[in-house]
Each structure stands twice: as C-alpha cells, then as structure tokens.
Amino acid sequence: MSSIIPADLYYTESHEWVRPNDDGTVTVGITDHAQHLLGDLVFVEIPEVGRAVAAAESCAVVESVKAASDVYSPLDGVIVEVNEALADNPERINEDPYGQGWIFRLKTAAALDGLLDARGYEAVAVAEDEDETSLANPKLAG
Amino acid sequence: MAKRTPLYLRHAALGAKLVDFGGWDMPLHYGSQLDEHHRVRRAAGLFDVSHMTIVDFAEPAPTRALLRHLLANDVARLYPGKALYTCLLNEAGGIIDDLIVYDRGAIGYRLVLNAATRDKDLAWITPIAERFGAAWRERDDLAMLAAQGPEALARLEPVLGAAMVAAVRALKPFHALEADGLFIARTGYTGEDGVEILPPAATAPELWDRILAAGVAPCGLGARDTLRLEAGMNLYGSDMDETTTPLVSGLGWTVAWEPADRDFVGRAALERQRAAGVPQTFVGLVLEERGVLRGHQSVHADDREIGQITSGTFSPTLTRAIALARVEAGVGVRCQVDIRGKRLPARVVKPPFVRHGRVLIE
C-alpha cells in the first residue's frame, strides 16, 4: 500500500504527523498510512483544551468501525486548540489526514529534532506493510 | 500458509484488504467497509464465504437419527428444501458451534458450519456419526457466495436466468433449491433479502465475475460483521462459545424442547439451567452518546457491574453505537457502559436493530 508522506512534516513511530506553525505551536494529526490501516473512521475522542500532555502520552482516540486506536502526543506541551469538526465528521481524517483531518494544536517548547523526518517515517510505514500486525486484527463474522 | 478460497485471486485483483480469519486469507473490505455496508442495505452486495465448512451426509435415515441427537434444534421439523438454524452443544450445554442444516430429501442433509471451528466440530461429530452409521464428507470442492440486499435477486436474473430467479423468489426464507449444478438457499447473515449460492469451486470465479458484472458490489467480512450485528445475529466466538448455553445467548428459541423424550446432547444441562432459573439475559444496547461499543466493555446499573458486551460496533445504518450484551436477568431499560473508564448511558433494546433496510428500534 502506498501512502502519502509529505516531506515538510515531522512524524512519530506511532503514526502521528507534526506541523510546526509560525506562532510556535504545532498541529498534530495521524498519517495517511495510519488512516488506511484503520479504515473508515466513525468516532474521534478529542482532548480538552488546556490539558498538559507529555510526549508519548495518549491524548485522543480514533475509532474505526472495527477498532479503537490511541493517538499520542508527539511532544511535551499544552493542548491549545482541538478540531471540534471531527465530532460530526470523523471521516475527514480518512479524506484529508494532513488538512481538515488535523486533531489538535499543541503549545510546546520542545525541540522537533527528536522526531522522524519523512524519510524516517517512510521506513516505519514500509516495515509495517511487510508485517501488518501493529494494528488490531479484528475478529470477523464467519 | 493461510488457506485461500477459490476466489482469492479475484479479491487480490480487486484491491481487497486481506486479513487472516481463522487460518484463511479473507477480504476485510475492498476500499470502504461503510460503503459496502450501505450497498447491501440499499441495493446488493456479494460476499465470498467459501471459508465456511460444508459437510454432506448422504444417507437420510441414519443421518436424521444422528442429527436429532447431535443438534439442539430438531431436524424432525424439516422437510425437503427446508433449512434450520441450530446450536451444536456439548454435554454441559455449552455451544461448540452454530450452524445451518439443510434437508435435501433423498440426497441427505447438508451442514454449513463456521470456518474457525472446523477442526473441533469435525472431531466432535466424527465418533458420534460413526455410532449412528451416518457417513459424511466435507465439501471443500464447493465455494459459497452470498448475494444479499433488496436488489440482489433482480440483479441475479441475467446471471442465473429468469426462470431460476423466479423459482428462487418462490422460495420462502430458509428454504433452498438445487438446479443446474447449483445449490441456492434463501439464507444469509445480513438481515436483508438474498441468497447463498454454492457452486463448484472450479466454476466459482466465473460466477463471481458474472454477478459483479450484473451490478452486485463486492463486500468484505467487515461489512458482513456490521450487517449481522444490526440484524441481531450472533457471532460464534464473540457472543457465545463453549462456556455459554443457548439460554444465556439469546438462542433459547433454537432449542427444541418438544418432544420431551428426544435425547439430544446437552439437554440435561439445559433443563437443569432452566429449572434453576436462567441467571442472565441476552440483550441489545444502543449507546446514547457519541462513542463506539466494543466486545468486553462492562455494563453497569445501580452502580454495579451487571454484565459485558459480547460484540459491539458503530452501526452504519443507525449512525450510533450498538451492541449485543449478556447481562443479569431482570435488567431495566437503562444502563451504563464503561468506555475507557467513563460510564456512558445506554438503552437496553430487543434485537434486531435493523431488518430489510428498516430501523426497528425506537
């Protein structure tokens, strides 16, 4: 499966993307690769504005028809804005994961250089395509 | 290596997301599980269910005696062309599998069992069948396609011919016919009109192509699961297993208590449970807030745990979360479900949630 990995973003091994903004905040979402693996999203549990989060702390949940998956904060920081539109339109993450499917904005003083660049994330995604066991394998009718 | 159905190459060519299911490489979806779900509710979808276990018994007389002993429902209720849904029980009344048995008249009986339970089912059935002198064989030379949805029969006309489709239309639900080398049953696992077709494995890919060309959309096992849950149909291994009886699994209606002298496996245990009072009941839940119900979430009422969800999902038709749950008998109409530590309100309902495209709750 080929997925889109924009070159100008940072990434985590847990499939979040990070976009640095001019005001010193970062915007966070999940990657195209992640939304492909999850399938049609039907519910997003977004964090509360003002919540302080640590790097690798679970702070949102995205649920597809078959499985729930945590979204982790890529960095230490404080949630300053969340994408309220996802409550009614979780499919925006499937349709536009790097745009209208953004999940939250984080105010952070942390450096970004501990994150993966596009090439580093591509290696993670390719390794997973070869061994697709990282996301819940749903139990199916039959 | 995982087993593959005769349609495996078709799935791969259609770009299906393939997953392991009970040792089989099966299509989860062909792009969008939600779209496939809606196609079946509104028009027609085609599922490859060739992984199901098909067993034929050739001799009607000893098989009838065997099945009256082996199955909790009573094949004496059958007549040629009629099908019956039943549980296969152990001596403790626990469910080894659920299955459909078809009466084929002089040809014998056909059982369609689950795929993941194949080995234990056959190991259980073999010695009992031997005792009754009922010979059987597994039909892995057959494929199984389910064409489901309100438009399914109309769209099958150019494929099967108008005369054949007219004959199928004349069948009542849970009846089957055999013609032109095909076994066609008005059964399914979606809550919609439609058929299950059992062609020879060798000709199944061509039949699959022709049905798709007739405007029936390929659908994966993901949609099959949300469709069956909306239809209030149990899934073996999630909603019931060897530790649960039909009486606590919403399947009491499948147990044929009469005639009282029919000695079927598990009968004594079920009678004891019934006499002692069945401790649990099997219900539907509708989540009243946003979120998704899932199997193993705990159900609460009056600040204590009263049971567990056995399978849950987001219902594409209702656009809210629904579930099947096993809870204490006497449950009211309100409860709460624990989702990641939060208690969210849910309403207790009687399944099915959806049948023939119509929402049946509320």
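All of these numbers come straight from a predicted model, not from anything done at the bench.

Peer 1: Hey, could you go over the overall build of chain B for me, with residue numbers and the actual values?
Peer 2: Regarding its fold elements, chain B presents nine helices and 21 strands. For chain B, whose C-alpha radius of gyration is 20 Å, the value lies close to the compact-globule estimate of 21 Å for 362 residues. Principal-axis analysis of the C-alpha atoms gives chain B an extent of 60 × 50 × 40 Å. Of all 362 residues assigned to chain B, the portion counted as buried reaches 48%. Taking the intrachain contacts of chain B between residues at least 6 apart in sequence as the baseline, contacts between residues at least 24 apart amount to 68%.

Peer 1: Help me get a handle on helix H2 (residues 33-42) of chain B, residues and values and all.
Peer 2: One turn of the α-helix equals 3.6 residues, which is why residues spaced by three or four share an orientation. Residues and elements named next belong to chain B. Of all ten residues in H2, seven are buried; the element is thus mostly enclosed. Among all positions in H2, only Gln33, Leu34, Glu36, His37, Arg39, Val40 and Arg41 are buried. Taken together, the buried residues of H2 touch strand S2 (24-29), strand S3 (45-48), strand S9 (145-148), strand S13 (217-218) and helix H8 (221-230).

Peer 1: Before we move on, can you summarise the nonpolar core with the specific residues and values?
Peer 2: Counting 74 residues, the largest nonpolar core has Leu71(B), Val101(B), Leu145(B), Ala147(B) and Ile211(B) as its most contacted members. Here this core spans two domains, and each of domain 1 (8-50 + 142-230) and domain 2 (51-138 + 245-276) of chain B adds at least three residues to it. Setting aside anything within four residues of it in sequence, one finds Leu71(B) in contact with Thr86(B), Leu88(B), Val101(B) and Phe264(B). Ranked by size, the runner-up nonpolar core spans 59 residues in total, among them Trp17(A), Val42(A), Val65(A) and Val283(B).

Peer 1: Explain the interface of chain A and chain B to me, and be specific about the residues and the numbers.
Peer 2: Tallying the contact residues gives 15 residues for chain A and 29 residues for chain B. Those elements that provide at least two residues to the side of chain A that touches chain B are strand S4 (41-45) and strand S6 (58-64) of chain A. Residue composition of the side of chain A that touches chain B, grouped by class: eight nonpolar, three polar and four charged.

Peer 1: Talk me through the domain arrangement of chain B; I want residue IDs and the actual numbers.
Peer 2: All names here are of chain B. In terms of domain boundaries, chain B breaks down into domain 1 (8-50 + 142-230) and domain 2 (51-138 + 245-276). Taking only C-alpha atoms into account, the centre of domain 1 sits 25 Å from that of domain 2. Contacts between the two partners involve 15 residues from domain 1 and, on the opposite side, ten residues from domain 2. Listing elements by their share of the side of domain 1 that touches domain 2, those giving two or more residues are S2 and strand S10 (176-179). Residues that form the side of domain 1 that touches domain 2 fall into these classes: eleven nonpolar, four polar and no charged.

Peer 1: Outline the pairing of S3(B), supporting the account with residue identities and numerical values.
Peer 2: For a regular strand, side chains alternate in direction, first toward one face of the sheet and then toward the other. Residues and elements named next belong to chain B. Of the two faces of S3, the one lined by Gly45 and Phe47 and the one lined by Leu46 and Asp48 are each fully buried. Where S3 lies against S9, four bridges are found, and the strand directions are antiparallel. When the bridges of S9 are listed, leucine 46 appears paired with alanine 147. As judged from the two bridges shared by S3 and S13, these two strands associate in the parallel manner. In the strand pairing of S13, leucine 46 is matched with proline 218.

Peer 1: Which residues make up the packing of helix H3 (residues 60-70) of chain B against helix H4 (residues 118-132) of chain B, and what are the values?
Peer 2: Residue and element names in this part refer to chain B. Here H3 crosses H4 at 135°, and the two axes come no closer than 9 Å. One element, H3, and the other, H4, form an angle in the oblique class. The crossing of H3 and H4 is right-handed. Here Pro62, Ala65, Leu66 and Leu70 of H3 come into contact with H4, specifically with Ile125, Ile128, Ala129 and Phe132. Among the residues forming the contact of H3 with H4, the class breakdown is eight nonpolar, no polar and no charged.

Peer 1: Go over the pairing of strand S6 (residues 95-103) of chain B, please, and point to the residues and values.
Peer 2: All names here are of chain B. Burial analysis of S6 places eight of its nine residues in the buried class, the great majority of the element. In the sheet, strand S5 (residues 83-89) pairs with S6 via seven bridges, with the strands oriented antiparallel. Residue pairing across strands places leucine 84 opposite valine 101, the latter belonging to S6. The loop that links S5 with its antiparallel partner S6 comprises five residues; one of these, glycine 93, has a positive phi angle of about 85°. Note that S6 and strand S7 (residues 109-113) share four bridges and pair antiparallel. Bridging from a neighbouring strand, valine 101 pairs with leucine 111 of S7. Once S6 ends, the chain turns through five residues before running back antiparallel as S7, passing glycine 105 with a positive phi of about 60°.

Peer 1: An account of the confidence of the model for chain A is needed here, citing residue identities and associated values.
Peer 2: Mean pLDDT over chain A stands at 90; residues scoring 70 or higher make up 90%. Across residues 133-142 of chain A, where pLDDT falls below 50, the model places 28 contacts with residues more than four positions away in sequence or in other chains.

Peer 1: Give me the lowdown on the environment of Met240(B), citing residues and values where you can.
Peer 2: Residues and elements named next belong to chain B. Inspection of the secondary structure assignment puts methionine 240 in the loop between H8 and helix H9 (267-276). On a C-alpha basis, the gap between methionine 240 and proline 127 in space is 24 Å, while along the polypeptide they are 113 residues apart. Setting aside residues no more than four positions away along its own chain, methionine 240 makes contact with Ile95, Asn234, Ser249 and Leu251.

Reading guide: rules and limits
- Residues numbered from 1 in each chain as written.
- Chains lettered and ligands numbered in written order.
- Predicted model: local features only at pLDDT ≥ 70, side-chain atom pairs only at ≥ 80, totals over all residues.
- Helix = DSSP H or I, 4+ residues; strand = E, 2+ residues; numbered from the N terminus.
- Rg over C-alpha atoms; globule rule 2.2 N^0.38 Å.
- Buried ≥ 20, exposed ≤ 12 C-beta atoms within 10 Å, placed from the backbone.
- Contact = placed C-beta atoms within 7 Å.
- Core = buried A, V, L, I, M, F, W, Y, C linked by C-beta atoms within 7 Å.
- Domains from an automatic or database assignment.
- Nonpolar A, V, L, I, M, F, W, Y, C, P; charged D, E, K, R; others polar.
- Pairing = 2+ DSSP bridges.
- Axes fitted to C-alpha atoms, helices over the stretch in contact; angles between N-to-C directions.
- Parallel < 35°, antiparallel > 145°, perpendicular 65-115°, else oblique.
- Left-handed = near helix turned anticlockwise from the far one by under 90°.
- pLDDT = per-residue confidence, 0-100.

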